[in-house]
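# Observations on chain architecture
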Amino acid sequence: MQKKLWIITTALLIFSLSSMAQVIQPITLQEAEDTFLHRNYQLLAQRFRIDADQALVQQARLWNNPSFSATWGFGTTDKIQPFYGGNGGQTAYSVDQLITLAGKRNKAVQLAKLNAGTTQSGFFELMRTLRLQLRSSYYQLYFLQETEKVLQQQLSNLQKIVAAYEDADRKGSVAHADVIRLRALMVGLTNDYTDLKQQELASQLNLQQLLGNDRQYAPNVDTEGLSRYNLQLKGYTLPALIDTALLNRPDLRIAQQQLQQAQMNYSLQKALAVPDLHVGATYDKSGSYAPNFVGLTLGIDLPFWNRNQGNIRSAGSQVKVQEQNLAQGNNIVATDVQQAVQKISLMDHQYQLLDFRSFNQEYNKLIDEVALNFRKGNISLLQFIDYFNSYSDNVKNTNKLMLDRITAYEELNFATGTELF
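This section reports on the structure supplied with the text. (Residues numbered from 1 in each chain as written. Predicted model: local features only at pLDDT ≥ 70, side-chain atom pairs only at ≥ 80, totals over all residues. Heavy atoms only, no water.)

## Re the overall build of the protein
- For the protein, the count of helices and strands is 11 helices and 6 strands.
- A compact globule built from 421 residues should have a C-alpha radius of gyration of about 22 Å, whereas the protein, at 38 Å, is more than 25% larger.
- On the principal axes, the C-alpha backbone points of the protein span a range of 130 × 55 × 35 Å.
- Of all 421 residues assigned to the protein, the portion counted as buried reaches 38%.
- Per element, the accessible surface of the protein, about 24,300 Å² overall, is 55% carbon and sulfur.
- Of the charged side chains in the protein, 39 are positive and 38 negative, and the gap between their average positions amounts to 4 Å. (Helix = DSSP H or I, 4+ residues; strand = E, 2+ residues; numbered from the N terminus. Rg over C-alpha atoms; globule rule 2.2 N^0.38 Å. Buried < 20%, exposed > 50% of the residue type's maximum accessible area, 1.4 Å probe, protein only. Areas by Shrake-Rupley, 256 points an atom, 1.4 Å probe, with all protein chains shown as cover. Lys, Arg positive; Asp, Glu negative; His and termini not counted. Charge placed at Lys NZ, Arg CZ, Asp CG, Glu CD.)

This is how it looks when you write it as structure tokens:
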């Protein structure tokens, strides 16, 4: 009874997983990327940050508001007349406008533009990072599902063989030890299948989060189109790839813009040491040497103690910091591209050792013949188990190698900041 219950449970597991797969929505890589660009929440949030920083550029262009003050007389100590402005009363008005000197306003505008540009570069850097995650999850899910199809078929075939052997065991025509070995093989394959489904769920989760919805996806990959992942066919050289990366990497552009920001801030801090000018006008009805006095006012701070020394020194040090960050960024870009090319060379070498298409076709034919001959009793149980395990390992290793190779090319896209493949 326990044996039957175990077989029924395994069958229900396979059936439930198969039913789940039937409701999965097929999706091409282009459809996934289009959905990603329009629905990814991180990208949408970064777009709003760009709008926010561009609004600050507009704010930096605005002039300071003028200030207005008024004075109403309250009479004298002999006679209190609150707010009396008639004959013998007093009113005075003044207007003051701050005029920034030393180009402070223009420097502030340039600094705001550089900050907005850095935020925009941050958007492309985020897109570059998330696109690598998207494609990695997409292809990982595809090859996991391809492996699942094979393991699912193996489980179904093995289940039939186990059922036949159990029936023969009850009749006494086969050794009971052989039935135990077959059950152990099925338990191992079931565990492999369960582990594979857990990896699928993780890849599916990553894809759903990147696409901003909760749909289940089945990558629809054009296997012929994977031939575009060929470094030699494209004719790219390492120096050319490094130059491409230096021109297109958003993170390097951010480092360049941060250096420009530091330089502009240094210039602004030196300009802030120059006092600003206050220009205004005043009207005094009765409080001056003559009735209805009108005058021009000028004012300026006297830079005796605070000449912005600390901020200037700090800004100068920040320029040096950003210079070193930019130098480090250039080095990182070059080494990233170099490592990506080396990884591609390694994966291509492994990939070219075997003709996977013909090899897999021959192996599939072989395992079918092995299963048939085992049912006929032409090969032993140990030979069948050996072939069976070798076939499972071949399927998993083949798909893993193909995934690793595509991932290596996508990492080169990431390292150069362009869509080379």
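Once you've had a look at it, read on.
## So, the pattern of salt bridges
- Across all of its chains, the model carries 21 salt bridges by this definition.
- Between E33 and R135 there is a salt bridge, and its shortest N-O distance comes to 2.6 Å. In this pair, E33 sits in helix 2 (residues 29–39) while R135 sits in helix 4 (residues 104–171), placing the two residues 102 residues apart along the sequence. Neither residue differs from the other here; E33 and R135 are each classed as buried.
- The partner of D167 in a salt bridge is R170, and the shortest N-O contact between them spans 3.5 Å. Residue D167 and its partner R170 are located together in helix 4, separated by 3 residues, close to a single helical turn.
- You can call R170 exposed: its relative accessible area is 58%.
- In this structure, a network of salt bridges that share partners links the residues E33, R131, R135, E410 and E419. (Salt bridge = Lys/Arg side-chain N within 4 Å of Asp/Glu carboxyl O.)

## Section: the nonpolar core
- Counting 48 residues, the largest nonpolar core has Y138, Y139, L211, L231, V337 and L412 as its most contacted members.
- Contributing elements (two or more residues each) for this core: helix 2, helix 3 (41–61), helix 4, helix 5 (176–211), helix 7 (238–248), helix 8 (250–272), helix 9 (309–352) and helix 11 (381–416).
- For this core, the element with the most residues is helix 4, which contributes 10 residues.
- Look past the residues within four positions of Y138 in its chain and what remains in contact with it is I27, T28, L29, A32, L207, P219, N220 and V221.
- Residues L158, M186, L381 and V395 belong to the second largest nonpolar core, which totals 25 residues. (Core = buried A, V, L, I, M, F, W, Y, C linked by side-chain atoms within 4.5 Å. Contact = heavy atoms within 4.5 Å.)

## Observations concerning the environment of H176
- Within the secondary structure, H176 sits in helix 5.
- For the pair H176 and T223, spaced 47 residues apart in sequence, the C-alpha to C-alpha distance is 45 Å.
- At 2.7 Å, the side chain of H176 forms a polar contact with the side chain of D169. (Polar contact = N/O pair within 3.5 Å; in protein donor to acceptor, adjacent residues only side chain to side chain.)

## Describing the side chain of Q46
- Topologically, Q46 is positioned in helix 3.
- Judged by its relative accessible area of 10%, Q46 is buried.
- For Q46, the contacting residues outside a window of four places in its chain are T119, G122, F123 and L126.

## Observations concerning the environment of G89
- In this fold, G89 is placed in the loop between strand 2 (67–72) and strand 3 (91–99).
- For G89, a relative accessible area of 5% corresponds to the buried category.
- Separated by 63 residues in sequence, G89 and P26 place their C-alpha atoms 86 Å apart.

## Points about the pairing of strand 5 (residues 277–284)
- The pairing of strand 3 with strand 5 spans 8 bridges and is classified as antiparallel. From the neighbouring strand, A92 faces strand 5, where its bridge partner is D284.
- The sheet contact formed by strand 5 and strand 6 (residues 293–300) spans 8 bridges and is antiparallel. The residue of strand 6 that forms the bridge with L277 is I300. (Pairing = 2+ DSSP bridges.)

Purely geometric numbers; function is a separate question.
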